[in-house]
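Here is how the chains run, residue by residue.
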Amino acid sequence: MNIYGKKIGPETRIYRIFPRDRFLQLFQENKNALVLPTMWDDPFENAILQAEVRTASGEPGNFSFHGDVYGQCWTLETASDAMWKIYSRNSNAVRVRTTVGRLIESLNASQGEWAYASCFIGRVDYMSEKRLREFGSTVFKGGLTPEAVARSLLAKRRAYRHENEVRLIYFERKRPVLLL
């Protein structure tokens, strides 16, 4: 498991607001559910992985593994009226508290040694649109690695900085990371 971001570590407390039925399902099935980043609310979310890219030979392409990346969003905010309004639309939700370390332990238990290559947790960096574009054009300069993909999902528009997010990013082991 890889941890990224300023001022977070294993003892950092994080919070998540779950719809009550999803919370109960978590305990009934003893499984933590992650979703495709395309399901996140912000239309600019995951924009880097949705963008058309150019191969080394100049051919247009896209990220073939797009459907193999999952995420889960947490917050560092202990109490936030905005978060309750966003994630508890029908007022039927619960707030869960854990630590970064406990979340990592649960993933390590389910993924074993594969966790270091498939699981990432990091603090979201809120950027201006200009800085976000610059970041998008440089995040893969060192190669198309799982770490670079995870970092691309830890960038978000400043309009959402009230969420003060920490994100869990997970790669399903279906196929290798390649450009088509």
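What you see is a predicted model; the values in this text were computed from it and never measured. (Residues numbered from 1 in each chain as written. Predicted model: local features only at pLDDT ≥ 70, side-chain atom pairs only at ≥ 80, totals over all residues. Heavy atoms only, no water.)

1. Side note on the pattern of salt bridges
Then, number 1: Per the counting criterion, the structure on display carries five salt bridges.
Then, number 2: Arginine 131 is the partner of aspartate 125 in a salt bridge, and the nearest nitrogen-oxygen pair spans 2.8 Å.
Then, number 3: For aspartate 125, a relative accessible area of 25% puts it in the partly exposed group.
Then, number 4: Judged by its relative accessible area of 38%, arginine 131 falls in the partly exposed class.
Then, number 5: Its salt-bridge partner being lysine 156, residue glutamate 165 comes within 2.7 Å of it at the nearest N-O pair. Each member of the pair glutamate 165 and lysine 156 is classed as buried.
Then, number 6: Three or more residues are tied together by salt bridges with common partners; here these are Lys156, Glu163, Glu165 and Arg167. (Salt bridge = Lys/Arg side-chain N within 4 Å of Asp/Glu carboxyl O. Buried < 20%, exposed > 50% of the residue type's maximum accessible area, 1.4 Å probe, protein only.)

2. Things to note about the environment of alanine 148
Then, number 1: The residue alanine 148 is located in helix α7 (residues 146-152) in this model.
Then, number 2: With a relative accessible area of 8%, alanine 148 lands in the buried category.
Then, number 3: Distance from alanine 148 to threonine 138, taken between C-alpha atoms, is 9.8 Å for residues 10 residues apart in sequence.
Then, number 4: Alanine 148 has contacts with Val139, Phe140 and Gly143, leaving out every residue within four places of it along the chain. (Helix = DSSP H or I, 4+ residues; strand = E, 2+ residues; numbered from the N terminus. Contact = heavy atoms within 4.5 Å.)

3. As for the packing of aromatic side chains
Then, number 1: Counted by the stated rule, this structure contains four aromatic pairs.
Then, number 2: Geometrically, the ring pair formed by phenylalanine 18 and phenylalanine 23 is tilted, given 6.4 Å between the ring centres and 55 degrees between the ring planes.
Then, number 3: Look at phenylalanine 18 and you get buried, because its relative accessible area is 7%.
Then, number 4: Overall, the relative accessible area of 21% leaves phenylalanine 23 in the partly exposed class.
Then, number 5: Centre to centre, the rings of phenylalanine 120 and phenylalanine 171 are 5.8 Å apart; their planes meet at 80 degrees, and the pair counts as edge-to-face. Taken together, the positions of phenylalanine 120 in strand β7 (residues 119-123) and phenylalanine 171 in strand β10 (residues 165-171) put the pair 51 residues apart, joining distant regions of the chain. (Phe/Tyr/Trp six-rings, centres within 6.5 Å; stacked < 30°, edge-to-face > 60°.)

4. A word on the pairing of strand β5 (residues 69-75)
Then, number 1: Counting buried positions along β5 gives seven out of seven residues, so the element sits mostly inside the fold.
Then, number 2: Every second residue of β5 is oriented toward a common face, with Val69, Gly71, Cys73 and Thr75 on one face and Tyr70, Gln72 and Trp74 on the other, all of them buried.
Then, number 3: Pairing of β5 with β10 involves seven bridges; the strand directions are antiparallel. Bridge assignment links cysteine 73 to a residue of β10, and that residue is arginine 167. (Pairing = 2+ DSSP bridges.)

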